[in-house]
4 protein chains.
Amino acid sequence: MNENYPQILEEIYSETLGLSGKGKVAAYIPALANVNPKRYGIAIQTLQGETFQIGDANIPFSIQSISKVFTLTLVFRELGEALWSRVGREPSGNAFNSLIQLETENGIPRNPFINAGALVIADCLVSHSPNPLAEIVNFMRELSDNPEINFNEAIAESERGTGFRNAAMVNLMKSFGSVENEVNAILDVYFHQCSLMMNCLDLAKAFLFLANGGVNPWNGRKILTSSQAKRVNALMQVCGLYDDSGEFAFTVGLPGKSGVGGGIVAVIPNLLAICVWSPELNERGTSLIGMQALELFTTKTGVSIF
Amino acid sequence: MNENYPQILEEIYSETLGLSGKGKVAAYIPALANVNPKRYGIAIQTLQGETFQIGDANIPFSIQSISKVFTLTLVFRELGEALWSRVGREPSGNAFNSLIQLETENGIPRNPFINAGALVIADCLVSHSPNPLAEIVNFMRELSDNPEINFNEAIAESERGTGFRNAAMVNLMKSFGSVENEVNAILDVYFHQCSLMMNCLDLAKAFLFLANGGVNPWNGRKILTSSQAKRVNALMQVCGLYDDSGEFAFTVGLPGKSGVGGGIVAVIPNLLAICVWSPELNERGTSLIGMQALELFTTKTGVSIF
Amino acid sequence: MNENYPQILEEIYSETLGLSGKGKVAAYIPALANVNPKRYGIAIQTLQGETFQIGDANIPFSIQSISKVFTLTLVFRELGEALWSRVGREPSGNAFNSLIQLETENGIPRNPFINAGALVIADCLVSHSPNPLAEIVNFMRELSDNPEINFNEAIAESERGTGFRNAAMVNLMKSFGSVENEVNAILDVYFHQCSLMMNCLDLAKAFLFLANGGVNPWNGRKILTSSQAKRVNALMQVCGLYDDSGEFAFTVGLPGKSGVGGGIVAVIPNLLAICVWSPELNERGTSLIGMQALELFTTKTGVSIF
Amino acid sequence: MNENYPQILEEIYSETLGLSGKGKVAAYIPALANVNPKRYGIAIQTLQGETFQIGDANIPFSIQSISKVFTLTLVFRELGEALWSRVGREPSGNAFNSLIQLETENGIPRNPFINAGALVIADCLVSHSPNPLAEIVNFMRELSDNPEINFNEAIAESERGTGFRNAAMVNLMKSFGSVENEVNAILDVYFHQCSLMMNCLDLAKAFLFLANGGVNPWNGRKILTSSQAKRVNALMQVCGLYDDSGEFAFTVGLPGKSGVGGGIVAVIPNLLAICVWSPELNERGTSLIGMQALELFTTKTGVSIF
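Residues numbered from 1 in each chain as written. Chains lettered and ligands numbered in written order. Predicted model: local features only at pLDDT ≥ 70, side-chain atom pairs only at ≥ 80, totals over all residues. Heavy atoms only, no water.

J.: Could you give me a rundown of the overall build of chain A, with the residues and numbers involved?
T.: Scanning chain A from N- to C-terminus turns up 13 helices and 9 strands. Radius of gyration (C-alpha) of chain A: 18 Å, near the 19 Å computed for a compact globule of 306 residues. With the C-alpha coordinates aligned to their principal axes, the bounding extent of chain A is approximately 55 × 40 × 35 Å. Here chain A holds 306 residues, and 64% of them are scored as buried. Look at the contacts in chain A between residues 6 or more apart in sequence, and 69% of them connect residues 24 or more apart. Split by element, the accessible area of chain A, about 9,800 Å² in all, is 48% carbon and sulfur. Between the averaged position of the 21 positive side-chain charges in chain A and that of its 29 negative side-chain charges there is a distance of 2 Å. (Helix = DSSP H or I, 4+ residues; strand = E, 2+ residues; numbered from the N terminus. Rg over C-alpha atoms; globule rule 2.2 N^0.38 Å. Buried < 20%, exposed > 50% of the residue type's maximum accessible area, 1.4 Å probe, protein only. Contact = heavy atoms within 4.5 Å. Areas by Shrake-Rupley, 256 points an atom, 1.4 Å probe, with all protein chains shown as cover. Lys, Arg positive; Asp, Glu negative; His and termini not counted. Charge placed at Lys NZ, Arg CZ, Asp CG, Glu CD.)

J.: So what's going on with the pattern of salt bridges? Residues and values would help.
T.: Pairs can form between side chains of opposite charge whenever their charged atoms are close. For the coordinates displayed, the defined rule picks out 56 salt bridges over all chains. Between Lys300 of chain A and Glu15 of chain A there is a salt bridge; the shortest N-O distance is 2.8 Å. Of this pair, Lys300 of chain A sits in helix H13 (residues 288-301) while Glu15 of chain A sits in helix H1 (residues 5-16), and the two are 285 residues apart along the sequence. Owing to a relative accessible area of 45%, Glu15 of chain A belongs among the partly exposed residues under this scheme. As a salt-bridge pair, Arg160 of chain B and Asp188 of chain B come within 2.9 Å of each other at their nearest N and O atoms. Highlighted residues: Arg160 of chain B in helix H7 (residues 153-162) and Asp188 of chain B in helix H9 (residues 183-194), separated in sequence by 28 residues. A residue is classified by how much of its surface remains accessible, and Asp188 of chain B, at 25% relative accessible area, is partly exposed. Each of Glu81, Arg89 and Arg231 of chain A together with Glu247 and Glu295 of chain B takes part in one network of salt bridges that share partners. (Salt bridge = Lys/Arg side-chain N within 4 Å of Asp/Glu carboxyl O.)

J.: Any chance you could break down helix H3 (residues 67-79) of chain C for me, citing the residues and the numbers?
T.: Every α-helical turn comprises 3.6 residues, leaving residues that sit three or four positions apart pointing alike. With 13 residues, H3 of chain C should cover 18 Å at 1.5 Å per step; its first-to-last C-alpha distance of 18 Å lies within 8% of that length. A positive phi of about 60 degrees marks Gly80 of chain C, the residue just after H3 of chain C. (Expected span 1.5 Å × (residues − 1).)

J.: So, the interface of chain B and chain A: which residues are in play, and what are the values?
T.: Each side of the interface is counted separately: chain B has 33 residues, and chain A has 33 residues. For the pair chain B and chain A, the summed buried area comes to about 2,600 Å², and 58% of that belongs to carbon and sulfur atoms. A per-residue breakdown of the area chain B buries against chain A is headed by Arg231, Phe250 and Phe306 of chain B, which together make up 31% of the total. Our count for the chain B to chain A interface comes out at 4 salt bridges. Note that Glu295 of chain B is salt-bridged to Arg231 of chain A, the shortest N-O span being 3.4 Å. Where chain B packs against chain A, one counts 16 residue pairs in polar contact (both at pLDDT 80 or more). Where the side of chain B that touches chain A is concerned, the elements lending two or more residues are helix H11 (226-239) and helix H12 (245-251) of chain B. The biggest single contributor to the side of chain B that touches chain A is H11 of chain B, with 7 residues. (Buried area = accessible area lost by both parts, 1.4 Å probe. Polar contact = N/O pair within 3.5 Å; in protein donor to acceptor, adjacent residues only side chain to side chain.)

J.: Before we move on, can you summarise the sheet that holds strand E6 (residues 256-258) of chain B with the specific residues and values?
T.: By definition, the strands of a sheet pair up through backbone hydrogen bonds, in either a parallel or an antiparallel sense. Residue and element names in this part refer to chain B. As summarised here, the arrangement of the 5 strands in space is E3-E2-E8-E7-E6, forming an open sheet in which the pairing is antiparallel. The open sheet terminates on both sides in strands that have one partner only, identified here as strand E3 (51-55) and E6. The sheet shows a mean angle of 10 degrees between the axes of neighbouring strands, direction not considered. Where strand E2 (residues 41-46) and E3 come together, 5 bridges link them in antiparallel fashion. Each bridged residue has a counterpart across the sheet, and for Gly41 the counterpart in E3 is Gly55. This element, helix H1 (residues 5-16), spans E2, E3 and strand E8 (272-277) of the sheet and lies at about 25 degrees to E3. (Pairing = 2+ DSSP bridges. Axes fitted to C-alpha atoms, helices over the stretch in contact; angles between N-to-C directions.)

J.: Can you lay out the environment of Asn199 of chain D for me, pointing to particular residues and giving the numbers?
T.: Residues and elements named next belong to chain D. Its place among the elements puts Asn199 in the loop between strand E5 (197-198) and helix H10 (200-211). Taking the relative accessible area as the measure of exposure, Asn199 reaches 9% and is therefore buried. On a C-alpha basis, the gap between Asn199 and Gly117 in space is 25 Å, while along the polypeptide they are 82 residues apart. Aside from chain neighbours lying at most four places away, what touches Asn199 is Ala57, Asn58, Ile59, Pro60 and Phe61. A distance of 3.4 Å separates a polar side-chain atom of Asn199 from the backbone oxygen of Asn58.

J.: With reference to specific residues and values, describe the nonpolar core.
T.: Here is a general trend for soluble globular proteins: nonpolar side chains tend to be buried in one another's company. One finds Phe207 of chain A, Phe207 of chain B, Phe207 of chain C together with Phe207 of chain D to be the most contacted residues of the largest nonpolar core, which totals 419 residues. Discounting chain neighbours no more than four positions away, the residues touching Phe207 of chain D are Ile66, Val69, Phe70, Met236, Lys257, Val265, Val267 and Ala273 of chain D. (Core = buried A, V, L, I, M, F, W, Y, C linked by side-chain atoms within 4.5 Å.)

J.: I'd like to hear about the relation of the copies chain B and chain A, residue by residue, with values.
T.: When chain B is fitted onto chain A, the two copies agree to an RMSD of 0.0 Å after a turn of 180 degrees and an axial shift of 0.0 Å. When the rotation and shift are considered jointly, the pair of chain copies conforms to a two-fold rotation axis. Across chain B, the rotation axis passes nearest the C-alpha of Gly93 of chain B, at a separation of 2.1 Å. (Least-squares fit on C-alpha atoms with pLDDT ≥ 70 in both.)

J.: Account for the interface of chain C and chain D, naming residues and giving values.
T.: Contact residues are listed per partner, giving 33 residues for chain C and 33 residues for chain D. Summing both sides of the interface, chain C and chain D together bury roughly 2,700 Å²; the carbon and sulfur share of this comes to 58%. For chain C, the biggest contributors to the area lost against chain D are Arg231, Phe250 and Phe306 of chain C; these three give 31% of the whole. Our count for the chain C to chain D interface comes out at 4 salt bridges. A salt bridge links Arg89 of chain C to Glu247 of chain D; the nearest nitrogen and oxygen atoms lie 2.7 Å apart.

Interpretation note: all reported values are geometric properties and have no functional meaning in isolation.
Written out as structure tokens, the structure reads:
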């Protein structure tokens, strides 16, 4: 089927360009607000080693919440099932930055992909890693097979300057005793992971281990067990797109994760990973063109896990 | 791989019997409360026409919320995408019978598998079918290839006598204008569909069209388009087990639907449908042994959509 | 101070007429929607037997939620402190017709003046009275010293035809076991009490026992003990105007009760009761002119309980 | 009636001592947890200059949330009605430290007596005062006619060390733009005001201006206009005891304010102020003996605003 990917990417690209201008670029920090809204790239990385791309697939962008999959992976690998006493694995039914459930459910976040859950994961990293930022960045370099990956300190700094909602969450969890470390230490990890700069191809490569039974295809290292990799995929399927998770399962039918930088990555187990980037978001913070492109991709290829 | 199913069923059965006594049979109506809590059956129906079963797989039980998949199918087939203006397709994050989201979201239920959503589906059936009860029962007979399927009028009557929470929901939706018909007409359909009596084999057979691209394998009739069938599977994956949906995706990794009668049905696209029945429920209303049995099934067979 | 009341009423009347047209008449039933929005009356009844009135003080209107004070009084007299196991006495912080708190607080309404609480009171009346409707209407005739008071059956019927939200509440409470009687029997009492037709003078007279230590001034009969009368006043102060209760305490500073028919009654203990009627409501369902008139009344007279 | 106060205080004291041991001392900071739970004092200060007291009325304690009345007074005097664009004046219906309403109501607290509201008031002080802490402490010395009043720095420090919930609130409000200053500057004022050490007599004296039309009786200075003083009383009546506000209005019938240090102060307009201190709290954070003592006080004296 692979021979069709270039053609399919062309079709998707031309059929979705018309959506440009219908969404809104995230504007809460200048570094995101200043992105050219017309940027649009797609990259596919197959398990057989083929790479397909179109548009701005080589321009790095702020991966934002997509980073939550990687920090979850690091902590899941470290803590195993013990992790699930710290964070749930159910969809939240609330906005990604809501404090309501946190208050009514004793400070335990519903899942690792809403902000509160990712902050608990960051707290675990602070507890278990001598240098969490180095661990994250090295992990990203390994997974994407790209030693150039790095944080964008200006973005991390901007996040800190406006991240009162996340600070509220950490403080609320601290009041429940559900995080262990200093508020600022946790936030520092979180704001940095959100600032990671990667392009579509980097992200497609970096997600490929989840299509590969947990094994990093670039060096053969076992990142997660096969069972754990399946479970991360399952979590992405159920909670990976916040309040668009049902919509994404319904229209795209693949495990995936989005970020407010405009990226969405999806996984087809045993086959490939695909990343789309277009900064204009719908009302729920999902890339408008990205979602449409992935729907077209599964429609045109006939691929679905369902 | 099929040759192993009898052996796998034996193993699952013996490994899960020890959980007996740890859950609680649904007690809100006598017809459910009086079920023998030790009942336990499993049935597998493959697309290749093979049937495997163990235990009480031939004893009919009240399918309860599993019926929501069938009424959704009937209405989805009838209304197509127009259906989604009436009901959402996101996980709710709340209990299956909560009215809170309904109040804060203008009477539009989050998805067709929480009670409020199923009541909207029942309302659609009342509007579009000259005889909704006959349509449902005939549909079940066709899907399960069993002309004996029927409602249990005593259960339907009991449901009506205690169904104040469902009556509250319909009235609340009526106040928002999100249902069209008389409150009692809607409830009558709903209480009847919950009372359908089917056994594990009936249910495994009746779900097989969802593993078969929407085509009823027993008569070759197209029930849903292939795309629609995938979408029903996706919805089951994300919302099929209420507040256990994330847990079910995480541990079992298959689209499925549960009922408080103790049944759970799961679908492996292009392969089979499997139904487990054990009436003892966990705190979230899911069959305790059923969930464990399905987790073992995917572990032992290595089958997963992820 | 009494000699000033006619002058004060004149001033209030002329100073508030300009607000006409800024609110919205309740429109959920025709009988309310068809009221002339320009109607405006005020009546004062003092303990010394003096009566002052201006404008449309003799035109009966639908008292709606003001009736909740009377049914509470009937049930409080009958059950005494035992009543408070059935309904709370705290402000709700939610809209008068919200089901959210009811769901999260096990079906026990926060206070007797939100709809759910009044429905519990109606349930008590059904349980304890051989003929609740007759008891209510006779009580109103006694309190207002007017044998002509009656229900408006057309309004009661309209309420029933649109009262799905109230039906939802009763059903939800029924599911929690917090009401005892048939849903329709409870609603019948509630819809009738809301339909009572009284004019400003009737209502000022009917509230006077609450300024009089619980004694009906027209026949000397003890309706409530002095302590109970104070407590009903305290409840009105804290919860009598739904989400405007704080605002009303702040700007008017008197115990009072409003209805969506546009009436507001307030009590000055040991002195008088005053009723204003103007059908145009603010966003929280309180008479816009009525609230302003009462603020002017306490400002001009210097009277306040604080 | 004054001649009875000593006798009445004796009676109250002996009738309520039996409740000792039924509540729980606030334990979230050592300085509060270490208070002798048996402490119990009452002080009355009348407008006629008489003072009555019993028990531990001269032992200073941490006034905690009672301080909110004083900071509100300072800011209300400064900003006048403009204050109410920053904070509401409705009961919250939620716990004093809940973030839920804050999230759903765009960061505007319901009233100045829940924590979020008091933090907005603290923010106003930081904005408008060159030295907020000095202003607060000087104000307390003036109002209580006691130049010894001071903060307890150890308590303020403890509050800071455990005040994650309050930090969460300020951060959440900061994310909505509803506070202007640095998070720590706001919290510093708040934690200090809570640490003020005053005894029953100090507090009875310091509240007397609210019974005196806004005029400080010790130096004749107008603190608030008469109308403003009434309004502060009205707010205390409706929201002064958090989730016990309705209960307090119902059983005591006076405007009042409580703190988790175990103090409750109540005002009888034009007559007196009374303060009770007993550190054992009920489940809603109100002094158990304090509430009972005030109920007995109004019962025995027959005094009530209702």
